[in-house]
Amino acid sequence: MIATREVAIRDNGDDDDDTRFLLLRAKFPVVFVPFIREVRRFGPDAWNVLNHMESYMQILDRDFKDYDVSPADPAEIYLIKDVCLFGPRPDGRGGMFLRKGQRGRVVPTENNLFCVQWECEYSGWAYLGRVLEHAAKIAPTDTIVKEILGLIASTIAVLDEATGLELLESVSADLEPENDVVSVVGSVLEEAMQRHVLDISVAGLEFFTGVGVLLPHRVWDYLSRSRLIGTDGHGSIAGNMLSSVELIAGEYSFTLALIVLVNTLASDAVYGKFSTNVDPQVRTAVLLQFVRHLANVYENFAYWKYVDLFQRSDIAILLARLFTFILDMVYSIDESGSKSDKINGTLFSSAQHLLDRFLRADGKPSRSLAPVLSTIEHAVKTLDRCRSDKILLDRNSDWIESTLIFAEKLVKVRSLVKRRPAQIERRLFALAGALAELFERESVMRYRVLRVLSALGQGSWPEGDEVPSLLAHLGSDRAGKFVGALKKSLAGRDRATQGAVAKFVSIVLVASQAGQSAQQGFAVLLLTGQEFNGGDYGRAVACKFEDQAVGFAELDPELAVGVVECVCLAQNTRTMTTKLKAGLVEKALAMVELGTDKVSGFESSESVLRYCLRVQLAARAVELCAILVQKNAAEAKVVVEHLLKPGKLESLAESAMRIHGYRASLHSKLHVEFDARWPCAKLVRFRRTGLDERKYGAGYVYDVGIMDQIFSADSRWGEMRGQIVDANVNLSAVDAQCELGRAWWLLIAALTGRIKSDTRLVRPMANVAKMCLQVNVDEGVLAEVLRPVVDERSVLAFVVAREVQSACAGGKYDVDFAGMLEVAYKWSTSVDVDYGRALADADTENYRGVLRLVLVCVRGLRGKADEGTKATINLVFEHVVSPAFQMLSDRDGLALASAVLREGLSVE
């Protein structure tokens, strides 16, 4: 590897570096510190450089006589007795010796010392271990100690796990039997911190950060006994180092090293949960103490003096990312878990401390929020000051972005855990103007700003709490500029930002339509381009979405879904009274056809993802059609005429109502196999919560990313991972189909209201009602999770059949109510309809639905039936109506059953 290094240097034209390295290696260990610093530059190659040392330089006394001169070369000598290079410990072990006959070369020196370069092979790492052990006892704060620790820490950080462990073993090879390098460094670190020696303390923390990846249990064990962090973050060595050394000097390398170490520990608490033998209570206690201390740091760091301003931004970035990680790991999965029982329960106490600190609901000033709020408030000015320095600009951009991510996570977690609205939400609403200005001025920040605003818009507010108004906090002038920037973003090429704009607009419109008067003003501005007070800001954002929807085929599929959803929401409001853009209805009907695709359940992930997005787009288009029909818009006629084409309505509806590609065997075995392999984990605990929006694909339901980190070292994980990805992909396809089915439910319900005014719909709608029941008979309940879909079909069949029967009351239309009754009977007596269980659970509403449907069908027969239908009615009496008199004891229920009986008896 040395040769490789030399070639690399020459290839780069660094001949001076090449010569310097060779000289330093030849003079080691007489020239100690410069050589260690040079080797540190080698990165992962440092392992081989020191592992295969070939020479050792030694300065001997002038009266040294235990050698002889080679007759061939006066400068070459050889030993006639053994010589000690590094003295042994008092127990006689750990010494390094050259044996009799060993050859060396006398090296001339300026001060006429007797200097010899011995030819010998040895492990430089083992030698460094002995030097470190010796220095730890006599001079633990010496520069040599710092350089050795720095070299070990930087090298193991860039090595693979196996090589890193081999390095630690090599360093520990010649140490006292009861010691290893971890225990030696622990002693050095304690001594250095007690003496307030900053550089060695930092080197010690960096060492433990590296070891935390390779041997985490050793680090946890050390920290559980160390006084690095005291109880509740007070009276600790870390706190003392901060107040007595760093704050005075304005230099915070120790605090930064501590933050990096805690990041490593937090990751191990999640990813090493099942791979180490650390007591969970130790992890919980140590992390909580660290988080308390670092929360104090985050609260105050902005007020400190800094010799290096980059350290301030580094503290801000690292702490925001650490806190975000903790919240994400605790609340993004395992919704069924509670407190420390959660899959990442070791972080729960730390997460709770963060919530208590940052999500205060009372009106008292909270200094903890200052770093978040002030960063956002002054973001534009901060970036303006950095324009001339790209490095400083990038660092401050990272600072602002990490703060926005942390703020978004806090807002989302607050709603997820159902806490009362916190100060941070009200204060962020108050900073809407600053957020809008940041969005307008900084294109790289637009996505993150919209994520924060979307989180605020989605927050749950209990009755009685006044929701802040986005428009009021923006003000007329800023609101107009912000809307202009939104429209400009939609015309750009940043797909992520375009999607975030669509999501944000959807959230505002949903909030407005859900009765949140606070957001209605901004919704009007988005929909019309005008304010209540008459301010005009040009073409509305909603019109921009219509423009994009017309060209949906050229859009990114995911963006197309968001765009059409915005068009739907815009049309589903009284504010939008104008016609849709010309040609958009025809485009929507073309999108509807995308929902007719099918999957087998065994396609590739990429194919299924494309399918899901097509189906989701079709669902949004169907919803748009439903809204147009429901509000009797001018475009409704185009929709109805298209659906009245022979067989069109029935075929499209049936395609949407059926679930295909569900892999029942995969899902039934998955939990059993996973829970058998990892009984302490349970697959259900890796289900995603509602903290973040789920995306179709490999990580849709179960968080494969977290599981990869936890189980990757287990040889059984590869096979199981494939099954979990398959399950996620399959559930993506099924959920997309369910979404399309619900959209068609809305459209069919809207069409139902037009049956009496447009009698052409009578027979197609009757066929749809029968089809819903037939799909239930054919498919049954594929899985318990799909039972709501089955119930929705039954309800839809009743709603449609009732309107069809009412339209047929005059006897003008020949509708197959007999066939509908037969299918209804088959469904009501199928194995998937367990009315006994419904009765035991005191839930008879489903039974009433069946009775209502049967009553509609019997009435539709108008008192006449053939022999086959009469036989079906008799079966209905026996198996449906008769049990009803036993199950339904209330007056309404009995009246319903009696009505079915009476109508049935009237059939000829």
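Residues numbered from 1 in each chain as written. Predicted model: local features only at pLDDT ≥ 70, side-chain atom pairs only at ≥ 80, totals over all residues. Heavy atoms only, no water.

S.K.: I'm lost on the sheet that holds strand S2 (residues 67-70) in this one. Help?
M.R.: To summarise the sheet geometry, strands pair through backbone hydrogen bonds and adopt either a parallel or an antiparallel arrangement. The strand order across the open sheet built from five strands is S1-S7-S6-S3-S2, with neighbouring strands paired in antiparallel fashion. Both edges of this open sheet fall to strand S1 (53-60) and S2, since each of them pairs with a single strand only. Mean inter-strand twist for the sheet, computed between neighbouring axes without regard to direction, equals 35 degrees. (Pairing = 2+ DSSP bridges. Helix = DSSP H or I, 4+ residues; strand = E, 2+ residues; numbered from the N terminus. Axes fitted to C-alpha atoms, helices over the stretch in contact; angles between N-to-C directions.)

S.K.: Would you take a moment to explain the side chain of Thr872 for this structure?
M.R.: Summarising the element assignment, Thr872 is placed in helix H40 (residues 867-887). Residue classification places Thr872 among the buried residues on the basis of a relative accessible area of 12%. Discounting chain neighbours no more than four positions away, the residues touching Thr872 are Leu821, Glu822 and Tyr825. (Buried < 20%, exposed > 50% of the residue type's maximum accessible area, 1.4 Å probe, protein only. Contact = heavy atoms within 4.5 Å.)

S.K.: Looking at this structure, how should I read the pattern of salt bridges?
M.R.: Oppositely charged side chains can pair when the atoms bearing their charge come close. All chains considered together, the criterion is met by 61 salt bridges. The residue Glu38 makes a salt bridge to Arg41 at a minimum N-O spacing of 2.8 Å. Looking at Glu38, the relative accessible area reads 3%, which means it is buried. A salt bridge links Glu147 to Lys146; its shortest N-O distance comes to 3.7 Å. A single salt-bridge network, built from bridges that share partners, covers Asp328, Glu401, Glu408, Lys409, Lys412, Arg448, Arg451 and Asp692. (Salt bridge = Lys/Arg side-chain N within 4 Å of Asp/Glu carboxyl O.)

S.K.: Help me understand the packing of helix H9 (residues 198-214) against helix H10 (residues 216-225), please; the structure alone is not making it clear to me.
M.R.: When two helices pack together, their arrangement is given by the angle between their axes and by how far apart the axes lie. Here H9 crosses H10 at 130 degrees, and the two axes come no closer than 6 Å. Judged by the inter-axis angle, H9 sits oblique to H10. Facing Phe208, Val211, Gly212, Val213 and Leu214 of H9, the residues of H10 in contact are Pro216, Val219 and Tyr222. (Parallel < 35°, antiparallel > 145°, perpendicular 65-115°, else oblique.)

S.K.: It is not clear to me how unusual backbone geometry should be interpreted in this structure. Could you clarify?
M.R.: Excluding glycine, most residues fall at negative phi; most peptide bonds, likewise, are trans. Cis geometry marks the peptide bond from Phe28 to Pro29; its omega dihedral reads 5 degrees. Counting through the fold element by element, Pro29 comes out in the loop between helix H2 (15-27) and helix H3 (33-40). Even without a glycine there, the phi angle at Asp334 is positive, about 60 degrees. If you trace the backbone, Asp334 turns up in the loop between helix H14 (309-331) and helix H15 (348-358). One non-glycine residue with positive phi stands out, namely Lys682, at about 70 degrees. Position of Lys682 among the secondary structure elements: in the loop between helix H32 (664-677) and helix H33 (704-711). With a relative accessible area of 34%, Lys682 lands in the partly exposed category.

S.K.: Mind showing me how you'd approach the layout of surface pockets here?
M.R.: By rolling a water-sized probe across the atoms, one finds the places where empty space is left. Space inside the largest pocket adds up to approximately 1,500 Å³. If you trace the largest pocket, you find 50 residues lining it, with Lys503, Glu558, Glu693, Arg694 and Lys695 closest to the centre. At eight residues, helix H24 (residues 495-513) tops the list of elements feeding residues into the lining of the largest pocket. A class-by-class count of the residues in the lining of the largest pocket yields 21 nonpolar, 11 polar and 18 charged. (1 Å grid on protein atoms, 1.4 Å probe; cavity = no way out; pocket = protein on both sides within 12 Å on 5 of 7 lines; lining within 4 Å. Points joined across faces, edges and corners; volume = space filled by probe spheres on them. Nonpolar A, V, L, I, M, F, W, Y, C, P; charged D, E, K, R; others polar.)

S.K.: What is the right way to read the confidence of the model for the protein chain from this model?
M.R.: Regions with low pLDDT carry predicted coordinates that are not meant to be interpreted in detail. Predicted confidence across the protein chain gives a mean pLDDT of 87, with 91% of residues reaching 70 or more. Here residues 1-13 is modelled with pLDDT under 50, and outside its nearest four sequence neighbours on either side it reaches 18 contacts, counting other chains as well. (pLDDT = per-residue confidence, 0-100.)

S.K.: Teacher, can you tell me more about a nonpolar patch on the surface here?
M.R.: Among the surface-exposed residues, Val30, Ile59 and Leu113 lie close enough to one another that they form a single nonpolar patch of about 220 Å² accessible area. Along the chain, Val30 turns up in the loop between H2 and H3. (Patch = residues over 30% accessible without salt bridge, like charges linked within 9 Å, V, L, I, M, F, W, Y side chains within 5 Å. Areas by Shrake-Rupley, 256 points an atom, 1.4 Å probe, with all protein chains shown as cover.)

S.K.: Where do I start with the packing of aromatic side chains in this structure?
M.R.: How two aromatic rings sit relative to each other is given by the distance of their centres and the angle of their planes. Under the criterion given, the structure shown has 38 aromatic pairs. The interplanar angle of 25 degrees and the centroid separation of 6.4 Å between the aromatic rings of Trp47 and Trp125 together place this pair among those described as stacked. Taken as a pair, Trp47 in helix H4 (residues 46-51) and Trp125 in helix H5 (residues 124-138) lie far apart in primary sequence, 78 residues in all. As far as the burial class goes, Trp47 and Trp125 line up, both buried. A ring pair is formed by Phe358 and Phe406, whose centres lie 5.2 Å apart and whose planes are at 85 degrees; its orientation type is edge-to-face. Highlighted residues: Phe358 in helix H15 and Phe406 in helix H18 (residues 390-416), separated in sequence by 48 residues. Under the relative-accessibility criterion, Phe406 is labelled buried at 0%. Through a chain of ring-to-ring contacts, three or more aromatic side chains come together here, namely Phe21, Phe28, Phe32, Phe35, Phe42, Tyr56, Phe86, Tyr122 and Tyr127. Over the face of the ring belonging to Phe439 we find Arg446, whose NZ or CZ atom lies 5.4 Å from the ring centre. (Phe/Tyr/Trp six-rings, centres within 6.5 Å; stacked < 30°, edge-to-face > 60°. Lys NZ or Arg CZ within 6 Å of the ring centre and 35° of its normal.)

S.K.: Quick question: what am I supposed to make of the environment of Thr346 here?
M.R.: Take Thr346: it is sitting in the loop between H14 and H15. Put simply, Thr346 and Leu175 are 171 residues apart on the chain and 35 Å apart in space, counted from C-alpha to C-alpha. Once you skip the residues sitting within four places of it in the chain, Thr346 turns out to touch Ala269, Pro280, Arg283, Thr284 and Leu287.

S.K.: Please clarify how the environment of Gly345 should be interpreted in this entry.
M.R.: Tracing the chain through its elements places Gly345 in the loop between H14 and H15. For Gly345, a relative accessible area of 6% corresponds to the buried category. Note: C-alpha distance between Gly345 and Val270 (75 residues apart in sequence) is 8.9 Å.

S.K.: Explain the state of the cysteines to me, please; I cannot follow it from the model alone.
M.R.: One pass over the full model with this rule turns up zero disulfides. Considering cysteine sulfurs only, Cys566 is the nearest to Cys543, which forms no disulfide, with 13 Å between them. (Disulfide = S-S within 2.5 Å.)

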